[in-house]
Amino acid sequence: MTMRIYVVGGAVRDELLGLPVQDRDHVVVGATPQAMLAAGFRPVGKDFPVFLHPQTQEEYALARTERKTAPGYHGFVFHTSPEVTLEDDLIRRDLTINAMARAEDGSIVDPYGGRRDLAARVFRHVSDAFAEDPVRILRLARFAARFPEFGVAGETLALMKTMVEEGEVDALVAERVWQELARGLLEAHPSRMFAVLRDCGALARIMPELDAAWPVEADSGVHLMRAIDAAAAHGYALAVRFAVLMHAPGIDGASIDALCKRLKVPNDCRDLALMTAREHAHAARAFDLGAEALVALFERCDGFRKPERFAGMLLAGACDARARGQAGWPQGPFLEGALAAARGVNAGEVAARCGADKAQIPVAVHRARVAAVAQWIGGAANARAPHAP
């Protein structure tokens, strides 16, 4: 049997959409593991035969079929042999737009209507095998964040709802859920991911705290999605986007902490989200705070040691303001300036002036910072005041 190699999946989809291709995956038909090793490929992967090309290091997987044996996405038995066809391999994939292949002569193999659904801008499952892997719900939602102009086919949405009702989503492991959510948050329109997850009922199972926040206010969900898309539009880091997501009515520090523990959210994302939830109202009142209160805010936020994290909280606040239709959030630059003034205090020189009385050092440093901020506020107020002609 002749070995045939095809580029498959996202690379074919993105080529047809005219998008840059980041990674190319390949399927090999009519080959055995022994033949791949003889050709110089290096084996990787534990569940099924995947090989790295000796020059390009791109992945080449033997065509395979699979059989569901247990709940969740780990419960599969894979079968590979030279008799498995390309069509057999493609039918197990999630969406028709990801179930196309390009042959070595450049021709497109499209047995399940991927080109049709690309043109129609539709996410449609290839076969009922979609229902066997709950990760596919998360992947589809993530694709919605990447391709916001695509809609979900009615029959696919109905299948996803059934999967949720039958508890398939409950079998997902936390690390995989967070991995897909994080990737979706980093796409251009993360609001679309959450819209799809809400539509099929998965958000209530994965992030019930967030799902419950939608009806707290009539337009709270709309506002939240505008804010998260604003964060994406400005290219903010994942931690900032997550903090914006967690800044919703009804979500408090306890809810954020519980969600982060359950999904094993990285510490930087958790810490910024908690700080934003705790301090955003104070930051929003920045112009009403005196120097003492401002320095206390910086101390609570550990702004002297971690100014970048404090700046992240201010970016989250700006996204909230943009979602409310405000052109800007002047509290952000004001707080950045005040923090810079406080950080300009030379703590070493202040400590030296305390002499042997070490207990007075923290008090003296605090007072010096308050004085610096007070002086800065005065200068900022003068700069904002209208000048006489």
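Here the structure is a predicted model, which is why all the values come from computation and not from measurement.

Draft legend 1. Inspection of the packing of helix H12 (residues 238-246) against helix H16 (residues 307-323) at higher detail. At a closest axis distance of 9 Å, the pairing of H12 and H16 adopts a crossing angle of 50°. Comparing the axis directions of H12 and H16 gives the class oblique. Between H12 and H16 the crossing geometry is right-handed. For the pair H12 and H16, the contacting residues are Val-240, Ala-243 and Val-244 in the first and Gly-312, Leu-315, Ala-316 and Cys-319 in the second. Residue classes in the contact of H12 with H16 are distributed as six nonpolar, one polar and no charged.

Draft legend 2. Broad picture of the environment of Met-246. Structurally, Met-246 is set in helix H12. Taking the C-alpha atoms as reference points, Met-246 and Ala-101, 145 residues apart in sequence, are found 40 Å from one another. Residues within four places of Met-246 in sequence aside, it is in contact with Met-207, Ile-251, Ile-256, Leu-259 and Ala-273.

Draft legend 3. Broad picture of the environment of Pro-307. Assignment of secondary structure puts Pro-307 in helix H16. Once residues lying within four places of it in the same chain are set aside, the contact partners of Pro-307 are Leu-339 and Arg-343.

Draft legend 4. Spatial organisation of the nonpolar core. One finds Ile-137, Phe-194, Met-207, Phe-242, Leu-245 and Phe-298 to be the most contacted residues of the largest nonpolar core, which totals 94 residues. When sequence neighbours within four positions are dropped, the list of residues in contact with Phe-242 reads Trp-178, Leu-185, Leu-259, Cys-260, Val-265, Cys-269 and Ala-273. Counting 13 residues, the second-largest nonpolar core is a separate cluster that includes Val-8, Val-29, Val-84 and Val-109.

Draft legend 5. Structural context of the packing of helix H5 (residues 135-146) against helix H8 (residues 190-200). It is the contact of H5 with H8, at a shortest axis distance of 6 Å, that shows an interaxial angle of 140°. Comparing the axis directions of H5 and H8 gives the class oblique. The two elements H5 and H8 cross, and the hand of that crossing is right-handed. Across the interface between the two elements, Ile-137, Leu-138, Leu-140, Ala-141, Arg-142, Ala-144 and Ala-145 of H5 pack against Pro-190, Arg-192, Met-193, Val-196, Leu-197 and Cys-200 of H8. Here the residues of the contact of H5 with H8 sort into 11 nonpolar, no polar and two charged.

Quick notes on the rules
- Residues numbered from 1 in each chain as written.
- Predicted model: local features only at pLDDT ≥ 70, side-chain atom pairs only at ≥ 80, totals over all residues.
- Heavy atoms only, no water.
- Axes fitted to C-alpha atoms, helices over the stretch in contact; angles between N-to-C directions.
- Helix = DSSP H or I, 4+ residues; strand = E, 2+ residues; numbered from the N terminus.
- Parallel < 35°, antiparallel > 145°, perpendicular 65-115°, else oblique.
- Left-handed = near helix turned anticlockwise from the far one by under 90°.
- Contact = heavy atoms within 4.5 Å.
- Nonpolar A, V, L, I, M, F, W, Y, C, P; charged D, E, K, R; others polar.
- Core = buried A, V, L, I, M, F, W, Y, C linked by side-chain atoms within 4.5 Å.
- Buried < 20%, exposed > 50% of the residue type's maximum accessible area, 1.4 Å probe, protein only.

The quantities given are spatial measurements derived from coordinates; they are silent on function.
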